[in-house]
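The lines below spell out each chain.
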Number of protein chains: 4
Amino acid sequence: MQQRFIAEGHLIDSGILTNILNLIVEENEDYNILRFDIGKTNAEPSRLEIELICDTAERLSTVSKKLINLGCYEVGPPAAVWKRAEKDAWVPADFYSTTNHRTEVWNGSAWQAVVDQRMDAVVVREAGGLFCRKLRDIRAGDEILCGGEAVHVYPPQRDREGGAFAFMDNEVSSERSVESVVSQLAESFREIRNRGSKTIVVAGPVVIHTGGAAALAELIREGWVQGLLAGNALAVHDAESVFYGTSLGVDLKTGKPTHEGHKNHMRAINRINGHGGLRQAVESGDLGRGVMYETVQAEIPFCLAGSIRDDGPLPDTQMDLIKAQGEYAEIAKGADLVLMLSSMLHAIGTGNMLPSYVKTVCVDINPAVVTKLADRGSSQAIGVVSDVGLFLKALARELRG
Amino acid sequence: MQQRFIAEGHLIDSGILTNILNLIVEENEDYNILRFDIGKTNAEPSRLEIELICDTAERLSTVSKKLINLGCYEVGPPAAVWKRAEKDAWVPADFYSTTNHRTEVWNGSAWQAVVDQRMDAVVVREAGGLFCRKLRDIRAGDEILCGGEAVHVYPPQRDREGGAFAFMDNEVSSERSVESVVSQLAESFREIRNRGSKTIVVAGPVVIHTGGAAALAELIREGWVQGLLAGNALAVHDAESVFYGTSLGVDLKTGKPTHEGHKNHMRAINRINGHGGLRQAVESGDLGRGVMYETVQAEIPFCLAGSIRDDGPLPDTQMDLIKAQGEYAEIAKGADLVLMLSSMLHAIGTGNMLPSYVKTVCVDINPAVVTKLADRGSSQAIGVVSDVGLFLKALARELRG
Amino acid sequence: MQQRFIAEGHLIDSGILTNILNLIVEENEDYNILRFDIGKTNAEPSRLEIELICDTAERLSTVSKKLINLGCYEVGPPAAVWKRAEKDAWVPADFYSTTNHRTEVWNGSAWQAVVDQRMDAVVVREAGGLFCRKLRDIRAGDEILCGGEAVHVYPPQRDREGGAFAFMDNEVSSERSVESVVSQLAESFREIRNRGSKTIVVAGPVVIHTGGAAALAELIREGWVQGLLAGNALAVHDAESVFYGTSLGVDLKTGKPTHEGHKNHMRAINRINGHGGLRQAVESGDLGRGVMYETVQAEIPFCLAGSIRDDGPLPDTQMDLIKAQGEYAEIAKGADLVLMLSSMLHAIGTGNMLPSYVKTVCVDINPAVVTKLADRGSSQAIGVVSDVGLFLKALARELRG
Amino acid sequence: MQQRFIAEGHLIDSGILTNILNLIVEENEDYNILRFDIGKTNAEPSRLEIELICDTAERLSTVSKKLINLGCYEVGPPAAVWKRAEKDAWVPADFYSTTNHRTEVWNGSAWQAVVDQRMDAVVVREAGGLFCRKLRDIRAGDEILCGGEAVHVYPPQRDREGGAFAFMDNEVSSERSVESVVSQLAESFREIRNRGSKTIVVAGPVVIHTGGAAALAELIREGWVQGLLAGNALAVHDAESVFYGTSLGVDLKTGKPTHEGHKNHMRAINRINGHGGLRQAVESGDLGRGVMYETVQAEIPFCLAGSIRDDGPLPDTQMDLIKAQGEYAEIAKGADLVLMLSSMLHAIGTGNMLPSYVKTVCVDINPAVVTKLADRGSSQAIGVVSDVGLFLKALARELRG
């Protein structure tokens, strides 16, 4: 049995052609290349027409689905299969689970784009169009995309022209100078602010511990940041550092643990509790500088997502994680650049919500964090292994002029 | 101005005497040793009577508090200071923030033990006694312990007699043989099961990825474990491995990523959703082995705490983190041994709830995890840097024979 | 100006076509694809005929050299350029510096293979053929290959048929089960021993510290290993463990540091010194088991390369590093499999000497080691992030049964 | 049987008293504290008179040796035992193996200091005094110190007064701000230069890769550094970066790997070879800036120690490791501060040669490096986990201003 597929684009330099042929070979199936029009110059895309040959209809269906995920579409794609969910949060077993790449579905007459692209979602057909939706938000009766025969996926193609991040591969190494990353990142910040688009920062408390708070606060004050995603600890240690000059009890000036300093974060929480929350603490004048102060003053949206290890938490921390995921997604929506600073948990959480075409830079002193982020599907993330405090200072210096 | 203090116990070999004198010196204050009865033989405790000398009452009060946290008590301790909380979750600024060490408060006539000991809590006086309570659970009108003058703290003393874990220091190294740890740990498991006490396991999904699921399932089935603390991912990948033979899409037998395998965890969630939850999936016979199967069958309590990065989540995952912290604390209560397996987030979360006298062993391939756990206050944790899959297999083998 | 090139082989699935086109695009040069015969079935190789177009002869020469390194050869390749070295260890500035891939040079009438392939060497033409030689071994008057126009390089092609290691990608992760690696590795050991070929082990002292000595000794005794490359420390701590039961002073049974144990390695060195060396210590019966004992008994060649941090060293340690590199290369010569165990220094040193078609497996608890090995050119190395002591035991168990 | 010991100094806050009592308890022996004069004020040292009680003479001797290593001395110390070495590099089995702490030996009438203190050495008595000597340098007939009964060891005592480094504990954490370390380190550099003493730098090639070369070159040019200890790779990549703008083939300005860049280090070696060495390359004007240029110009001593993984090596690299260890020791002699930058191998090598009272700061992005350094006996080393390129720039900035 056989099935024809077409793939188009910069198939060669994006490695897609390689992936297609490898897939078929690894599946122990056969193929014929019917036609391959390679772009003869830099500017032209290539076009592959290939025939997949399998022994059984079942195998043909299995391998076809995989080819489709690589960006192939069937010639004369069949109409997409839509089935109803029988229960809330439960869909037919052959549901199509999304990637984070741009996706189109053949609606019988044309390729229709899916809205709200994100990974690990379900595609729902509604009056308004096709939407990525989380499994838990499915309601009985929703129309669910099944199989993968009528789906066209667009993995990010290698940018031939270069552009801001063309230079960066997503290799992870502690043996690189970060100077060039800092200057290219500053360039991106400027571009994005100039065209009125969004940069989002995801930050862990290590930003405070390593002395990067003033630099991050400056970025926010100067309008480089349009949203802040973090956890309870970032805000707690930020407040601790403003109130008591310590972070996790360590004096930020001397680097020396202070006696009773380990109680400072609880004192900070209590003090914010007294005000009723971070916003009120800022308005009362008690919290007069720092990352959260600037965030509140700049009126940029933020979400502090709760976790099992939180002390307090602050009144501002969202401990209902269903809601927290919703708020994160809302703030991240439409971002052109996401800068992730030393927080594996929140970085992976945010990465889960981002389409793969959003520029993502992840700074951490631990190379494993970036590897993990990529393993969890955010393979677009560019890793920078460095000291986050010094990195933020260098970035602020670069943006200053 | 001066104040007399007494400290008793194995002051020298526990390093307490050192800490006391260092503290005073670093505070730039003066002291006189009025009397020091050193235990003349191994068996006798020591007793230190020391006079702290400061210039001002304020300094005297400041340094006194610190001495008290080191285990000193004032001679003729003043009655404890109790103040009312004016608002919910807000206590007087000089509230006493607890450590995770055993604590007593002078009630005017005797030293009274505090119940539910944990770190970063507030001490509340009620009809039934003195209780550690989380700041967020304080209600207006509660009586709160303030200052630290009437508090006696007992840091864990070095065990002179040895005992199961006496041999282990809490050094963290990837350059040690784990054989002896495995056999001593098995010894502890046996002791604890024999006397009907509790061992709790905290586990991350790496247990599944590294092939340790069968071994952990065996431990549960054989009755070595009395509670399981984890997150959504452990159960998701456990179900994925049972249903599809993969973990995060990687075939557990061949170690090879399977095509479309990255969708398996979503398929697993959907399948559990269809049943309504893990327990129902077990009862229906669909989920017929693995870590969660054995947990359900053994009827041991478990809690899956939600997080910002969760897919799904499973119906069983507690996404209200206030409730999740409560359930964790309930399950951990009374444990004699806590074994933490490759999950920094849940390990720190659990560590926050444990008194310092609970034996805590933390196994991770990353040495930084154990360091971080100790930095967050769980300094009693013994770190084992190893491959968690191989470690669990070795432990199961040891317990078997 | 233009130049025609031909590339042949499994160009697509090996990613070579991608690399060729990317290179030209990144060099800002132009190309025409004159002909591209894609293998229409799995079995057929592909053939690319491409014309590189540059503005200047200089650019043409520059980019041509790069294409050649990717496996292209010029159509009608020019005779190779050979120049004489003017001084010892000094060659003409345009010398051809080798990769670790199989290499052929156009000798005017045919493609002639280069002997003793290794990276970072110079190609010398002598009566007997073409040889890779280290720069330092060049003598004034030697004929040196210059430029790269007449060179054909063969990067390892992806194995379509599978075979022992086909399954393993060279991803590095601490989140994988090592079971399948162990069984496949055992398979390779068996294959290699059956056909009378060579397996070489590179081992650091962590093998001893983590309790893997008995397992490695067993592998050697049972004939699985045909050469041992290590440093002074492996032998010192091996002897220390045999003589005193400790490794770096830590008791291997209890995991407890022993008093004065840190002196044991010096005592071990002194004791071996008294015999005159390891071989004599074995013959005298004093050193009666362990890794070095088995190595001596099995009469397999070994080299202990000296380093700046060596204590002692043992009489057997080669402190002249020029000689040590020579001995290493001699022992590694002809190996089909190299197993590297927890020694970044010796692993990179050995990797430098190996052609890229030698199977190389690197086991370390630190993921950075494997990354570094690949960064230094040994990109064929398969990384296994695990506890080396437990890993060796599992491997020995697998080979036993 | 019993033996009296005396220990003097700040026994309590240095933890020495704790260690003494723990030792005896762990040895399962008994003691009587005959007298303990605790320093009653900050300024006074303490004095312990203690009686060790054992069942046999053998046990008494064993435990006595251990007590002596903790800084105790026997009351009425016996004359030291001196025995002749029978062969070169072979000493009596009960030889005294040195620590890196300041050491005195009872010569019958007084405590005599040992010269050239270093760890893992043998004490030799000669006409000129008592010397630490490496085992390999012992000649038949040398008089060797045996046993430990007449030895007084002085572990570094905690500095009560503070001073430049008093603030730094040797904790290793990537979660600290390095600002305070930078400013304190700069302070130490100034102090040391002002009093005409020596600062030595140990540097790995990561200094070049991470863009720290200009800053290190500046430190050398401005006279802050009095000796440089490194390996072949530092000089190779330094020359590569000066000649070709790359380090390991990566463009230092753009962070992008350059085509053929991986050959640049071989080209750099060849170019230096043409000159005959680094000094000649500087004198010819070909090598006109960088770390090695400044080192040659400043006429400060340097040693490049060879290793098994070296390419080339450069003519300046010392491949005879016996000689390299000698040159290292000579350069390190008399240093007051040693700054170790991203080179575990050379850091441990240097640490082996340093007395424990030399200030040692080790900067590395990998926390395991500092842990390992301490495990190998250099427990005085202060670890800084940071990005070494950014760290050096911050240090140069601090010293400039």
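Residues numbered from 1 in each chain as written. Chains lettered and ligands numbered in written order. Predicted model: local features only at pLDDT ≥ 70, side-chain atom pairs only at ≥ 80, totals over all residues. Heavy atoms only, no water.

### A closer look at the overall build of chain A
Filter applied, for reference: Secondary structure counts use DSSP, requiring at least four H or I residues in a row for a helix and at least two E residues in a row for a strand, with both numbered from the N terminus. Using a 1.4 Å probe on the protein chains alone, a residue whose accessible area is under 20% of its type maximum counts as buried, one over 50% counts as exposed, and one in between counts as partly exposed. By definition, residues are in contact when any of their heavy atoms lie within 4.5 Å. Only the protein chains shown count as cover for residues, with accessible areas throughout obtained via the Shrake-Rupley method and a probe of 1.4 Å.
For chain A, the helix and strand inventory stands at 13 helices and 20 strands. Taken along the three principal axes of its C-alpha coordinates, chain A extends 75 × 50 × 35 Å. The 401 residues of chain A split such that 61% are buried. Contacts in chain A between residues far apart in sequence, at least 24 positions, make up 67% of those at least 6 positions apart. Carbon and sulfur atoms make up 47% of the accessible area of chain A, which amounts to about 14300 Å² in all.

### Observations concerning the relation of the copies chain A and chain B
Short version of the rule: All copies are superposed by least squares; the fitting set is the C-alpha atoms of residues with a pLDDT of at least 70 in both.
You can overlay chain A on chain B at an RMSD of 0.1 Å; the transform is a turn of 180° with a shift of 0.1 Å along its axis. Taken together, the rotation and translation describe the operation of a two-fold axis. Relative to the rotation axis, the closest C-alpha in chain A is found at A:Asp320, a distance of 2.3 Å. Of the interface residues in chain A, 100% have counterparts in chain B that sit at the interface too, so the contact is made through matching surfaces.

### Observations regarding the layout of surface pockets
Residues and elements named next belong to chain C. Going by this rule: In this analysis, the protein atoms alone were mapped onto a 1 Å grid. Cavities are point sets where a 1.4 Å probe fits without being able to get out; pockets are open sets with protein on both sides within 12 Å along at least five of seven lines; lining residues have an atom within 4 Å of a point. Grid points are joined across faces, edges and corners, and a volume is the space filled by probe spheres set on the points. Following the grouping adopted for this structure description, the nonpolar residues are Ala, Val, Leu, Ile, Met, Phe, Trp, Tyr, Cys and Pro, the charged ones are Asp, Glu, Lys and Arg, and the polar ones are all others, Gly among them.
Estimates place the volume of the second largest pocket at around 720 Å³. As for the second largest pocket, its lining consists of 31 residues, of which Asp-116, Gln-117, Ala-329, Lys-333 and Met-353 are closest to the centre. Of all the secondary-structure elements, those providing two or more residues to the lining of the second largest pocket are β7 (111–115), β9 (129–133), α3 (179–194), α10 (321–332) and β18 (335–341). By residue number, the principal contributor to the lining of the second largest pocket is α10, which donates six residues. Residues of the lining of the second largest pocket, tallied by class, amount to 14 nonpolar, five polar and twelve charged.

### What about the environment of D:Lys263?
Short version of the rule: Here a polar contact means two N or O atoms within 3.5 Å. Within protein one must be a hydrogen donor candidate and the other an acceptor candidate, and residues neighboring in sequence count only if both atoms are side-chain atoms.
Mapped onto the fold, D:Lys263 is located in the loop between β15 (250–251) and α7 (264–275). Expressed as a C-alpha distance, the spacing of D:Lys263 and D:Gly249, which sit 14 residues apart in the sequence, is 7.1 Å. Ignoring sequence-local partners within four residues, the contact set of D:Lys263 consists of C:Asn69, C:Tyr96 and C:Ser97. Among the polar contacts made by the side chain of D:Lys263, one reaches the main-chain carbonyl oxygen of C:Ser97 at a distance of 2.8 Å.

### Some details on the interface of chain A and chain B
The condition is simple: Values labelled buried area give the accessible surface lost by two parts on being combined, using a 1.4 Å probe and summing over both. We count a salt bridge whenever a side-chain nitrogen from Lys or Arg sits within 4 Å of a carboxyl oxygen from Asp or Glu.
Taken together, the 56 residues of chain A in the interface contact 56 residues of chain B. Around 4900 Å² of area is buried between chain A and chain B when both sides are counted, 57% of it from carbon and sulfur atoms. For the pair chain A and chain B, the number of links is zero salt bridges. In this structure, the connection of chain A to chain B is made through 24 residue pairs in polar contact (both at pLDDT 80 or more). Put simply, the parts of the chain that give the side of chain A that touches chain B at least two residues each are α1 (16–26), α2 (57–69), α7 (264–275), α10 (321–332) and α11 (344–351) of chain A. If one sorts the elements of the side of chain A that touches chain B by residue count, α7(A) sits on top with seven residues. Along the lines of polarity and charge, the residues of the side of chain A that touches chain B split into 23 nonpolar, 18 polar and 15 charged.

### Remarks on the nonpolar core
Counted only if it meets this: Here, nonpolar core means buried Ala, Val, Leu, Ile, Met, Phe, Trp, Tyr and Cys residues that are tied together by side-chain atoms lying within 4.5 Å of each other.
The biggest cluster of nonpolar side chains holds 134 residues, and the ones touching the most others in it are A:Met292 and D:Met292. The residues contacting D:Met292, other than those within four sequence positions of it, are D:Leu228, D:Leu234, D:Ala235, D:Asp238, D:Leu278, D:Leu287, D:Phe302 and D:Leu304. Counting 133 residues, the second-largest nonpolar core is a separate cluster that includes B:Ile382, B:Leu395, C:Met266 and C:Leu392.

### Description of the side chain of B:Thr18
Structurally, B:Thr18 can be placed in helix α1 (residues 16–26). Contacts of B:Thr18, omitting those with residues within four sequence positions, involve D:Ile12, D:Asp13, D:Gly15 and D:Thr18.

### A few points about helix α13 (residues 388–400) of chain B
Just so we agree on the cut-off: Multiply 1.5 Å by the residue count of a helix minus one, and that product is the helix's expected span.
A rise of 1.5 Å per residue sets the reference length of α13(B), with its 13 residues, at 18 Å; its end C-alpha atoms lie 18 Å apart and thus fit the reference within 8%. One side-chain oxygen of the residue at the start of α13(B) lies 3.1 Å from the amide nitrogen of B:Gly389, identifying that residue as B:Asp387.

### Notes on the packing of helix α6 (residues 232–244) of chain B against helix α7 (residues 264–275) of chain B
All names here are of chain B. We apply this condition: Think of each axis as a best-fit line through the C-alpha atoms, taken over the contacting stretch in the case of a helix, with angles from 0 to 180 degrees between the N-to-C directions. Here the word oblique covers every angle except those under 35 degrees (roughly parallel), over 145 (roughly antiparallel) and from 65 to 115 (roughly perpendicular).
One can describe the packing of α6 onto α7 by two numbers: an axis separation of 9 Å at closest approach and a directional angle of 95°. Overall, the two elements α6 and α7 adopt an arrangement that is roughly perpendicular. For the pair α6 and α7, contact is made by Val-236, His-237, Ala-239, Glu-240, Phe-243 and Tyr-244 and by Asn-264, His-265, Arg-267, Ala-268, Ile-269, Arg-271 and Ile-272, respectively. Taken together, the residues of the contact of α6 with α7 sort by class into seven nonpolar, three polar and three charged.

### Remarks on the environment of A:Arg118
Residue and element names in this part refer to chain A. When you line up the elements, Arg-118 lands in the loop between β7 (111–115) and β8 (122–126). Expressed as a C-alpha distance, the spacing of Arg-118 and Asp-137, which sit 19 residues apart in the sequence, is 14 Å. If sequence neighbours within four positions are ignored, Arg-118 has contacts with Thr-98, Thr-99, Asn-100, Cys-132, Lys-134, Asn-352 and Met-353.

### Some thoughts on the sheet that holds strand β9 (residues 129–133) of chain A
Residue and element names in this part refer to chain A. So the rule is basically this: Between any two strands, at least two bridges found by DSSP are needed for them to pair.
The mixed open sheet is built from seven strands, whose spatial order is β5-β10-β8-β9-β7-β6-β11. Two strands in the sheet have a free side with no partner beyond their single neighbour: β5 (81–84) and β11 (151–154). Within this sheet the neighbouring strands show an average axis-to-axis angle of 40°, counted without direction. Where β7 meets β9, two bridges bridge the pair, whose relative direction is parallel. Bridged to Val-114 within β9 is Leu-130.

### Thoughts on the packing of helix α3 (residues 179–194) of chain A against helix α13 (residues 388–400) of chain A
All names here are of chain A. The cut-off we apply is this: If you view the pair so one helix is near and one far, a crossing is left-handed when the near helix is turned anticlockwise from the far one by less than a right angle, and right-handed when it is turned clockwise.
α13 packs onto α3 with a crossing angle of 55° between their chain directions and a minimal axis gap of 9 Å. By the angle between their axes, α3 is oblique relative to α13. With respect to the hand of their crossing, α3 and α13 are arranged in right-handed fashion. Seen from α3, the contacting residues are Val-181, Val-182, Ser-183, Leu-185, Ala-186, Phe-189 and Arg-190; seen from α13, they are Phe-391, Ala-394, Leu-395, Glu-398 and Leu-399. Considered class by class, the residues forming the contact of α3 with α13 number nine nonpolar, one polar and two charged.

### Side note on the sheet that holds strand β12 (residues 198–203) of chain D
Residue and element names in this part refer to chain D. Spatially, seven strands are ordered β17-β16-β13-β12-β18-β19-β20 in an open sheet, and the strand pairing comes out parallel. Sheet topology places β17 (317–318) and β20 (382–385) at the edges, where each strand pairs with a single neighbour. Where β12 lies against strand β18 (residues 335–341), six bridges are found, and the strand directions are parallel. Counted as the bridge partner of Lys-198 is Ala-335 from β18. Relative to β18, helix α3 (residues 179–194) is tilted by about 140°, and along the sheet it contacts β12, β18, β19 (359–364) and β20.

### Digging into the pattern of salt bridges
Considering all chains together, one arrives at 76 salt bridges over all chains under this definition. Note that B:Arg102 and B:Glu104 form a salt bridge whose closest N and O atoms lie 3.6 Å from each other. For B:Glu104, a relative accessible area of 13% translates into the label buried. With its nearest N and O atoms 3.2 Å apart, the salt bridge here joins C:Arg4 to C:Glu49. One end of the pair, C:Arg4, is in strand β1 (residues 2–9); the other, C:Glu49, is in strand β3 (residues 46–53), with 45 residues separating them in the sequence. Overall, the relative accessible area of 42% leaves C:Arg4 in the partly exposed class. Exposure remark for C:Glu49: the relative accessible area of 16% places this residue in the buried category. Shared partners join several salt bridges into a network, and the residues in it are A:Arg4, A:Glu8, A:Arg47 and A:Glu49.

### Here we look at the pairing of strand β19 (residues 359–364) of chain C
All names here are of chain C. How we decide: Handedness of a crossover is defined as follows: orient the strands so they point away from the viewer, and if the path from the first strand over the helix to the second runs clockwise, the crossover is right-handed.
β19 sits mainly inside the fold: five of its six residues count as buried. Pairing of β18 with β19, which is carried by five bridges, proceeds in the parallel orientation. Bridged to Leu-339 within β19 is Val-361. Remark: the β18/helix α11 (residues 344–351)/β19 crossover connection has right-handed handedness. Two elements, β19 and strand β20 (residues 382–385), share four bridges in a ladder whose sense is parallel.

### Some points on the pairing of strand β6 (residues 102–106) of chain C
Residue and element names in this part refer to chain C. Buried residues dominate β6, accounting for four of its five residues. When β6 meets strand β11 (residues 151–154), the two strands line up antiparallel, connected through four bridges. Bridge pairing links Val-105 to Val-151 in β11. Direction of pairing for β6 relative to β7: antiparallel, over a ladder of three bridges. Note on β7: the bridge partner recorded for Val-105 is Gln-112. Between β6 and β7, which pair antiparallel one after the other, the connecting turn spans four residues, and Gly-108 there sits at a positive phi close to 105°.

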